[in-house]
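Tertiary structure, described
As a plain string of letters, each chain reads:
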Amino acid sequence: MLFKSLIGAALAGTALAAPTLQLQNSTDTTSNSTSTNSTGPYEPKVMIVSMFTPEREVWLQPLNLTNNVSFVGACPLFPHVACNDDYSTCIVTTGEAEIQASSTIMALTLAPQFNLTQTYFLIAGIGGIRPSEGTLGSAAWARFSVQSGLAYELDSRQIPFNWSAGYWALGTKAPGQLPATADLYGTEVFELNTNLMSRALNLTQGLTLNDSTVAQEYRKMYDYAPANEPPKVFQGDALCSDAYFAGTILSDVWSNYTKLMTNGEGNYALTAQEDNASLEAFMRASVGGLVDYSRIMLLRTASDFDSAPNATFDALTAFQAEQGAFEPAVQNILIVGRPVVEDIHKNWDSLYAAGIAPPAITNGSYYGDDLGTLRNGTAQARRFRRSK
């Protein structure tokens, strides 16, 4: 990734991040933890999915996740699932970016130490935010996760005169064109259970979120809402990208792409590196009866803006700026996620054990992947990809 050297591997999971923050080494250094020799299988009601050390450590002490369970195929940096004493709540850490995430989640779903058929999964991490959709420290529950990497790209300095950017969808000839089903890879778009998402949103929408004085001052540079407002919980969709990007043009590109790929229903709000990869692994495991895809939630909190305050700032200046929201964003993962974890335990017998069904199938539904694998059974195979 072109810009990753600017901010360091410790800040993965966000499109923009303050490069001066010093974080703990990204290894599994759970304090006061114990390893278990028991083989299980454990049947957690909740499995939190984090991606790197800060997102993991914010949960450990508050939820007493001190019992480590190793499994084959875990990320080498995070070789343990950490659980509470009765193994009803656990956390797995995938490692950063798409390859790590898909590998870890697939290995977890196949691990004999766990029975995950009734488990609720809370994917929870930080990300960069589009200032027209939210502000520093805000938290968004996602309906859609859209993968940005499946695209053609031209050098922005050599694009056709009537193009605004050099990206367009694979299998098409120009920006704004929708690929045919036969041209899809199948990981472009994932839709989650909106009934479950709505319950999580209703439980958390009025929460007071952490903030910082630096973030408060930085957001004043934006002369429009919601960028210059206090952080809040809202519904907004995620963009999955292994490339760290910055700039108004690219932000607009991926906003337009999200709307295109979701038939106008998706609303790009936050970036992440891992979510489509995790969701693909979960979907395959769900087809195999190992997990229930309808029990997955996706939460991202905003550590930084994806574009500059105004035209007087170049993208690099905004990219390198100290925005002051990294630590509040990490803390807000717990503030927003914990009430949902507690609600699952509190209402397990009356609601969650049986599951919260997704909405009934509708014309053009994306529930699951964009090939309709969960809705239709066998997915339509991609026959070819147009190159021109």
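Everything that follows concerns the structure shown earlier in this document.
Quick summary incoming for the structure in this document.

Reading the values: the criteria
Residues numbered from 1 in each chain as written. Predicted model: local features only at pLDDT ≥ 70, side-chain atom pairs only at ≥ 80, totals over all residues. Heavy atoms only, no water. 1 Å grid on protein atoms, 1.4 Å probe; cavity = no way out; pocket = protein on both sides within 12 Å on 5 of 7 lines; lining within 4 Å. Points joined across faces, edges and corners; volume = space filled by probe spheres on them. Nonpolar A, V, L, I, M, F, W, Y, C, P; charged D, E, K, R; others polar. Disulfide = S-S within 2.5 Å. Buried < 20%, exposed > 50% of the residue type's maximum accessible area, 1.4 Å probe, protein only. Helix = DSSP H or I, 4+ residues; strand = E, 2+ residues; numbered from the N terminus. Pairing = 2+ DSSP bridges. Contact = heavy atoms within 4.5 Å. Axes fitted to C-alpha atoms, helices over the stretch in contact; angles between N-to-C directions. Left-handed = near helix turned anticlockwise from the far one by under 90°. Polar contact = N/O pair within 3.5 Å; in protein donor to acceptor, adjacent residues only side chain to side chain. Salt bridge = Lys/Arg side-chain N within 4 Å of Asp/Glu carboxyl O.

Further remarks concern empty space enclosed by the protein. For the structure shown, the criterion picks out two cavities of 30 Å³ or more. Considering only enclosed or pocket space, the second largest cavity measures out at about 40 Å³ in volume. Residue composition of the lining of the second largest cavity, grouped by class: seven nonpolar, no polar and two charged.

Bringing the state of the cysteines into the picture now. A complete count under the given rule lists one disulfide for this structure. Cys 83 shares a disulfide with Cys 90; S-S distance 2.1 Å. The disulfide joining Cys 83 to Cys 90 has a torsion of about 105° about its S-S bond and is therefore right-handed. Residue classification places Cys 90 among the buried residues on the basis of a relative accessible area of 0%.

Here the largest pocket is characterised by a volume of approximately 650 Å³. Lining the largest pocket are 27 residues, with Glu 153, Tyr 167, Tyr 244, Phe 245 and Leu 250 positioned closest to its centre. Of all the elements in the fold, those that place two or more residues in the lining of the largest pocket are strand 9 (151–153), helix 6 (248–261) and helix 8 (315–320). A per-class count over the lining of the largest pocket returns 17 nonpolar, six polar and four charged.

Across the five residues of strand 2 (residues 46–50), five count as buried, placing the element largely inside the fold. Taking every second residue as pointing to the same face, both faces of strand 2 are buried, with Val 46, Ile 48 and Ser 50 on one and Met 47 and Val 49 on the other. As defined by bridge partners, strand 2 adjoins strand 6 (residues 120–129) across four bridges and the pair is classed as parallel. Bridge pairing in strand 6 links Ile 48 to Leu 122.

Following the sequence through the fold, Ser 255 ends up in helix 6. A relative accessible area of 6% places Ser 255 in the buried class. With residues up to four places along the chain from it excluded, the contact list for Ser 255 reads Arg 130 and Tyr 268.

At a minimum axis distance of 9 Å, the contact between helix 4 (residues 194–204) and helix 9 (residues 326–346) shows a crossing angle of 115°. For the element pair helix 4 and helix 9, the recorded crossing hand is right-handed. Here Arg 199, Ala 200, Leu 203 and Thr 204 of helix 4 come into contact with helix 9, specifically with Val 336, Pro 339, Val 340 and Asp 343.

Locating His 345 in the fold gives a position in helix 9. Overall, His 345 belongs to the partly exposed group, its relative accessible area being 28%. Residues His 345 and Lys 45, spaced 300 residues apart in sequence, show a C-alpha to C-alpha distance of 7.3 Å. Among the polar contacts made by the side chain of His 345, one reaches the side chain of Thr 89 at a distance of 2.6 Å.

Moving on to the pattern of salt bridges. Going through the model one piece at a time under the given rule, you end up with 12 salt bridges. Between Asp 343 and Arg 199 there is a salt bridge, with its nearest N and O atoms 2.9 Å apart. Note that Asp 343 is positioned in helix 9 and Arg 199 in helix 4, a separation of 144 residues in sequence. Here Glu 274 and Arg 300 are joined by a salt bridge, their closest N and O atoms 3.1 Å apart. A residue pair is termed long-range when its members are at least 10 positions apart, and Glu 274 in the loop between strand 14 (268–272) and helix 7 (275–287) and Arg 300 in strand 15 (residues 296–305) qualify at 26 residues. Here Glu 274 falls in the buried class, since its relative accessible area comes to 0%. The exposure class of Arg 300 is buried, given its relative accessible area of 2%.

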